[in-house]
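Breakdown of the fold
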Amino acid sequence: MGALDERTKQAVTLALQLVEQHGLPKWQGENPTWDEWQRMSEEERQAVMDELEQRNRVWLERMRQTLRAYWLFVVDGQVVLHGESPKDFPSPDDIETLCRRLGKVPLWYEPSPTIEEGTAWQPTIYPDDAYPTLTVVFSDGGRRWETIADFDTGAVEVYAGAELLEGNGIVTFPLATLWRQGQHLGQTYRYTRISLQVALRLDDGTEKGMIHPVLCVRNWQQSPFVAVNPNRTALIGRSLCLATQAKILLDFARQVTSVQG
């Protein structure tokens, strides 16, 4: 996480010039310093970042589009880091290194994740409705957490309860962890992105997986992700299935999911 390379500097400079040419408003507000961040409560941190994003939402989205980036890290109106996909997102340790180097905590901006709810396997709160399921294993390379996750092709990302992952020893959330606000089913929730080893359990008992971004959702049991299925622990979208190239068969007659490599 050193200084920006020349190619990145040129891209950011060009993006700033294009933004100014389009007559967009100037950046408003300042990012909290790393020292201030350490003294704040979690609620205070979120309030500061929410306000900063709200005041600069037009600027942020235009900059993201100009850079053709999926996510941005911005400090006082300067893009200090950006990536083309969720897979490029830095680890919490890398974020802390960046905060210490800059002396400030960056604002994380990206499009809000979207989910299109569908019908299938695990029983839901609705009569004659169920969600299809997949057996998924989350791992940090040593410790493992196996769970039955809902499978939804209307979702892109992999979602899991932050407290469940932490309670099973898979992740920790250090002080530099950045949480964003998302919305699902008309309700807001907080999430952060961490890349973990995620594997699908195949019918023959083997596993097929890789390092993959996971959206860790804060206060999972109070989040909109359990509104349809109160027993849900995780939700698997298309990205993991596309990445692993698994063959998934949904048997609606028996309400069974078959997974092959």
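Along each chain, numbering runs from 1 in the same order as the chain's sequence is written. With pLDDT at 70 or above as the cut-off, local features in this predicted model cover only qualifying residues; side-chain atom pairs require 80 or more to be listed or tallied, and sums for whole chains, interfaces and linings still use all residues. Note that water and hydrogens are dropped before the side-chain values are worked out from all heavy atoms of the structure.

**Structural notes on the overall build of the protein**
A run of DSSP states H or I qualifies as a helix once it reaches four residues; a run of E qualifies as a strand once it reaches two. Both are numbered from the N-terminal end. The number of helices and strands found in the protein is 7 helices and 14 strands. Counting over 261 residues, the protein shows a buried share of 49%. A sequence separation of at least 24 residues applies to 64% of the contacts in the protein between residues at least 6 apart. Exposed residues in this analysis have more than 50% of their type's maximum accessible area, buried residues have under 20%, and partly exposed residues fall in between, with area computed by a 1.4 Å probe over protein chains only. Contacts between residues were defined by any pair of non-hydrogen atoms, one from each residue, lying within 4.5 Å.

**A short note on the nonpolar core**
Definition of nonpolar core: a set of buried residues of the types Ala, Val, Leu, Ile, Met, Phe, Trp, Tyr and Cys, connected through side-chain atoms within 4.5 Å. Core analysis: the biggest nonpolar cluster contains 39 residues, and Leu72, Phe73 and Tyr159 have the highest contact counts within it. No other element matches the 5 residues that strand 1 (residues 71-75) contributes to this core. Counting 27 residues, the second-largest nonpolar core is a separate cluster that includes Val136, Ala149, Leu202 and Ala234.

**Overview of empty space enclosed by the protein**
Rolling a probe over the atoms, with the probe sized like a water molecule, indicates the empty space that remains. A cavity here means a set of 1 Å grid points, computed over protein atoms only, where a 1.4 Å probe fits but cannot escape. A pocket is an open set with protein on both sides within 12 Å along at least 5 of 7 lines, and lining residues have an atom within 4 Å of a point. Grid points are joined across faces, edges and corners, and a volume is the space filled by probe spheres set on the points. Applying the stated rule across the entire model yields 2 cavities of 30 Å³ or more. In this structure, the largest cavity spans a volume of roughly 110 Å³. Lining the largest cavity are 13 residues, with Met49, Leu107, Trp108, Trp179 and Arg180 positioned closest to its centre. When residues of the lining of the largest cavity are traced back to their parent elements, those giving at least two are helix 3 (42-55), strand 3 (107-109) and strand 9 (180-184). The element that contributes the greatest number of residues to the lining of the largest cavity is helix 3, accounting for 4 residues. Here the nonpolar group is Ala, Val, Leu, Ile, Met, Phe, Trp, Tyr, Cys and Pro; Asp, Glu, Lys and Arg are the charged ones; every other residue, Gly included, is treated as polar. Tallied by class, residues from the lining of the largest cavity come to 7 nonpolar, 2 polar and 4 charged.

**What to know about the sheet that holds strand 2 (residues 78-83)**
We call two strands paired when DSSP finds no fewer than two bridges between them. Sheet architecture is open: 3 strands sit in the order 2-1-3, paired in antiparallel fashion. If you trace the sheet from one side to the other, it starts and ends with strand 2 and strand 3, each paired once. Strand-to-strand twist of the sheet, defined as the mean angle between neighbouring strand axes without regard to direction, takes the value 25°. In this description, a line fitted to the C-alpha atoms serves as the axis of each element, helices being fitted only across the stretch in contact, and the angle between N-to-C directions of two axes falls anywhere from 0 to 180 degrees. Packed onto the sheet, helix 4 (residues 57-67) meets strand 1, strand 2 and strand 3 and runs at close to 125° relative to strand 1.

**Quick notes on the environment of Val228**
Position of Val228 relative to the elements: it lies in the loop between strand 11 (207-217) and strand 12 (234-236). Overall, the relative accessible area of 9% leaves Val228 in the buried class. For Val228 and Tyr131, which are 97 residues apart along the polypeptide, the C-alpha to C-alpha distance reads 9.5 Å.

**A short note on the pattern of salt bridges**
Each salt bridge in this description consists of a side-chain nitrogen of Lys or Arg and a carboxyl oxygen of Asp or Glu lying within 4 Å of one another. As enumerated under the stated definition, the model contains 16 salt bridges in all. Of the charged contacts in the structure, one is a salt bridge between Arg201 and Glu207, with a shortest N-O distance of 3.2 Å. Using a relative accessible area of 24% as the deciding quantity, one classes Arg201 as partly exposed. Owing to a relative accessible area of 34%, Glu207 belongs among the partly exposed residues under this scheme. Linked by salt bridges that have partners in common, Arg144, Glu146, Arg201 and Glu207 make up one network.

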